[in-house]
Amino acid sequence: MPKETTLKETTIATKKVRNPKEVTICESTARMLEKARRDGVEIGFDRAANMRACPIGADSACCKHCAMGPCRLNSKYPYKQVGVCGANIDTIMSRNFARMVATGSACHNDHGMTMLGVFRDVVNGNIDDYEIKDTNKLEQVARSIGIEVDGRSPKDIATDLYHELEKTYTQVEGEIPFAKRVPEKTLETWRKLDIVPRGAMREVMELMSRTHMGCDQHYENITKQCSRTALADGWGGSMVATEIGDILFGTPSAVSVEVNMGVLKEDQVNIIVHGHEPNLFDSMFASVNEPTLVEAAERAGAKGINLVGMCCSGLEMMSRYGVPHAGNFMSTEAVLVTGAVDAMAVDIQCIKQGLAKVAECYGTHLFTTNPRCHIEGAQHIEFHERDPKTCTDEVVIKAISRFKNRNTPIEIPKIVNKGIHGFSHEYINYMLGGSFRASYSPLNDNIINGRIRGVAGVVGCVNPRVKQDWVHVELVKELIKNDVLVLQTGCSQIALTKAGLTTPEAAIYAGPGLGEVCETVGMPPVLGFGACVDNSRILIAASEMVRIGGLGDSIADLPVAGAAPEWMSEKAIAIGQYFVASGFFTVFGVTFPIVEETKFHKHLFEELEHQGLGKWGFSPDPYEMAKMMIAHIDKKRKALGIDKARERVLMDMADRRAVDAA
Ligand code: XCC
């Protein structure tokens, strides 16, 4: 470690060290991992190399739901043994899976409920710092669930909308409000299976209760409640978070954004906001533009205050305001190693505890701001929506003072990638049809005529158990090469931006049909929809494809598929389950927490499809994953009778190229 630094000493517990090029394809992250090692600082990649994943836990063959155990079964002989209470492998695995779904769904619902609380305060005049920015969206959301809007004031509509959406969480009987947006046939299937969510609190509570020792001990019945609880996330809490976010902060539309660690500026005060709720970010945006604070930064010798996002709230703000984004989940510690981050403010979810130590080593202020997420060793400045600037101003002031007293050497990887983001469902409507004929018809038409083979949602986390970003990028390249249009959310979207695939110029990597459509419309073959809660936008897009017609009557009929190739969080499992229950074939990578060749595995991977839902798939290999997704899309095309159209289009294209060449 260079002598002139005052980096605090840290013990590096690392025994195994992997080549940075083996653990990530993100050049900035690799460089910072190398620097961290030179500095004697440990980050997640090194911790992963030295923490072997528990093999019993990886197969979910362990039950610790009571004190007669914990019981562990042998996943090689799954039916040879049962737990002390008699629970068999299918009960144990489905209960573990259920608790992941419950936690993931709880997280998104908790986030959505906070957003709705802010909305209520805005409507009631208890908050001045936020307002209803998008009244069109307000009306559109209200209308979609049957609220009268004509001739009424925004306040009246908003009041009704608040009361209606509150049911998403608190209702004990009936169907959640956004069930009204589900395509009829899909909803019919849910009703038949009795999996239409009532209210998220009830569903999460019931799932937790059913998985108690000696309660629900049939994997099929547990799976039903998994679906209901997951649907209460996708069509419930997450959808409310997205829609209220749009109403309060604006509906995204196409915007060019800079991504990667090169967005940090050595001569400015650098502040990172990392987490999930856009309210903290929105207020930080106001604070960094506060003239007195900008002056204070200049007095401290800075050329300005540079606000940058990371992870999901970063994705929300880049889609809405074009705020630069420094990287995804596995880059959050690495970015601190630059020494250039004066403050990082975090709220909830995916905030590694390891950040505290790394921040301490580089003298970065790490602030927790949310009552639900404190971290030992981080400073806590609580964020209150009714008085948000008290927190965010304080963060900016502390960041300025750190800038003034910077005493660690700074090394910023000068890498910046540009991408077009902000593809909300509303923007796609406009992009394809223009202001007067806004519609998904051109998308459906191009799927029917075969130029676009199908649509894939590639979403979710990055995970240090696989090479960061690599699985996402290889999978997406394969899909677009085969004329599959890709929709993205979450950390995946940042991986693809760094790979240069979220620009219209990336159309050259697409197959002839998709490439032609992209060139005509001027759009990228990979469309970023925002944060993980914005997977709800993909559900809405799929519903719209059904409504426009020509591609079947339910989401399960569509030539679409989903994937989370580098997933790691319980939220991802909840998302996967609601995609499956909505009708998508959904493939996960890395690992799958179920023993193969068991009844529960067969249920998730085959039988759910026979019930009219989607199904799960698994492969750690991106090429195999792409093959599985494309095969599914082709199967759906065949069932719709549009497989021949595609053959014709491709022949046309080949013929045309032959003519061009001649
Ligand atoms: Fe977290 Fe949302 Fe996963 Fe990224 S994608 S690692 S959940 S930040 Ni949401």
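Predicted model only: the values in this text are computed from it and were never measured.

S.K.: Would you take a moment to explain the sheet that holds strand β8 (residues 379-380) for this structure?
M.R.: Hydrogen bonds between backbone atoms are what pair the strands of a sheet, whose relative direction is either parallel or antiparallel. Sheet architecture is open: 5 strands sit in the order β5-β4-β6-β7-β8, paired in parallel fashion. Each edge of the open sheet is held by one strand with a lone partner, namely β5 (305-310) and β8. Bridging between strand β4 (residues 269-274) and β5 involves 6 bridges; their strand directions are parallel. When the sheet's bridge partners are listed, Asn270 is paired in β5 with Asn306. In this fold helix α11 (residues 278-288) packs onto β4, β5 and β6 (343-346), with an angle of close to 170° to the strand it touches most, β5. Of the strands in this sheet, β4 and β5 touch helix α13 (residues 311-321), which is tilted by about 115° from β5.

S.K.: Explain the coordination of the nickel atom of the ligand here, please?
M.R.: Only one protein atom coordinates the nickel atom of the ligand: Cys532 (SG), located 2.1 Å from the metal. Residue position: Cys532 is located in the loop between β12 (526-528) and α21 (535-548).

S.K.: In this structure, what is going on with the environment of Pro70? I would like to understand it.
M.R.: By the secondary structure assignment, Pro70 is in the loop between β1 (62-63) and β2 (71-72). On a C-alpha basis, the gap between Pro70 and Thr390 in space is 47 Å, while along the polypeptide they are 320 residues apart. When neighbours within four sequence positions are excluded, Pro70 is seen to be in contact with Cys62, Cys63 and Lys64.

S.K.: Help me out: how do you make sense of empty space enclosed by the protein in this one?
M.R.: Over the atoms, a rolling probe the size of a water molecule traces out where space has been left empty. Summed over all chains, the structure comprises 6 cavities of 30 Å³ or more. The volume enclosed by the largest cavity comes to roughly 200 Å³. At the level of secondary structure, the elements contributing two or more residues to the lining of the largest cavity comprise α13, α19 (490-498), β13 (560-564), α22 (570-582) and β14 (585-588). The greatest single-element share of the lining of the largest cavity, amounting to 5 residues, is contributed by α22. Residues belonging to the lining of the largest cavity are distributed by class as follows: 15 nonpolar, 9 polar and 1 charged.

S.K.: I keep staring at the layout of surface pockets and nothing clicks. Help me out?
M.R.: Approximately 750 Å³ is the volume attributed to the largest pocket. Gly57, Ala58, Met100, Trp567 and Pro593 are the residues nearest the centre of the largest pocket, which is lined by 26 residues in total. Mapped onto the lining of the largest pocket, the elements with two or more residues apiece are α4 (55-59), β1 and α5 (89-123). Take the lining of the largest pocket: its biggest share by element is 5 residues, from α5. Looking at side-chain class alone, the lining of the largest pocket contains 15 nonpolar, 6 polar and 5 charged residues. Taken together, 15 residues line the second largest pocket, and the ones lying closest to its centre are Ser144, His425, Ile540, Glu544 and Arg547. Secondary structure elements with two or more residues in the lining of the second largest pocket: α6 (135-144), α16 (425-433) and α21. The greatest single-element share of the lining of the second largest pocket, amounting to 5 residues, is contributed by α21.

S.K.: Can you help me understand the pattern of salt bridges in this one?
M.R.: When the charged atoms of two side chains with opposite charge come close together, those side chains can pair. Taken as a whole and judged by the stated rule, the model has 47 salt bridges. As a salt-bridge pair, Asp267 and Lys303 come within 3.5 Å of each other at their nearest N and O atoms. With Asp267 in the loop between β3 (255-259) and β4 and Lys303 in the loop between α12 (291-299) and β5, this pair connects stretches of sequence that are 36 residues apart. On the basis of relative accessible area, Lys303 is assigned to the exposed category, the value being 64%. Between Glu516 and Arg451 there is a salt bridge, with its nearest N and O atoms 3.0 Å apart. In this pair, Glu516 sits in helix α20 (residues 512-521) while Arg451 sits in the loop between α17 (441-448) and β10 (454-458), placing the two residues 65 residues apart along the sequence. Judged by relative accessible area, which is 21%, Glu516 ranks as partly exposed. Assessed through its relative accessible area of 25%, Arg451 is described here as partly exposed. Taken together, the shared-partner salt bridges connect Lys137, Arg181, Glu243, Asp246, Glu316, Arg320, Glu426, Asp534 and Arg537 into one network.

Cut-offs applied
- Residues numbered from 1 in each chain as written.
- Predicted model: local features only at pLDDT ≥ 70, side-chain atom pairs only at ≥ 80, totals over all residues.
- Heavy atoms only, no water.
- Pairing = 2+ DSSP bridges.
- Helix = DSSP H or I, 4+ residues; strand = E, 2+ residues; numbered from the N terminus.
- Contact = heavy atoms within 4.5 Å.
- Axes fitted to C-alpha atoms, helices over the stretch in contact; angles between N-to-C directions.
- Donors = N, O, S within 2.8 Å, 3.2 Å for Na, K, Ca; no water.
- 1 Å grid on protein atoms, 1.4 Å probe; cavity = no way out; pocket = protein on both sides within 12 Å on 5 of 7 lines; lining within 4 Å.
- Points joined across faces, edges and corners; volume = space filled by probe spheres on them.
- Nonpolar A, V, L, I, M, F, W, Y, C, P; charged D, E, K, R; others polar.
- Salt bridge = Lys/Arg side-chain N within 4 Å of Asp/Glu carboxyl O.
- Buried < 20%, exposed > 50% of the residue type's maximum accessible area, 1.4 Å probe, protein only.

Such coordinate-based values are descriptive only and should not be taken to indicate function.
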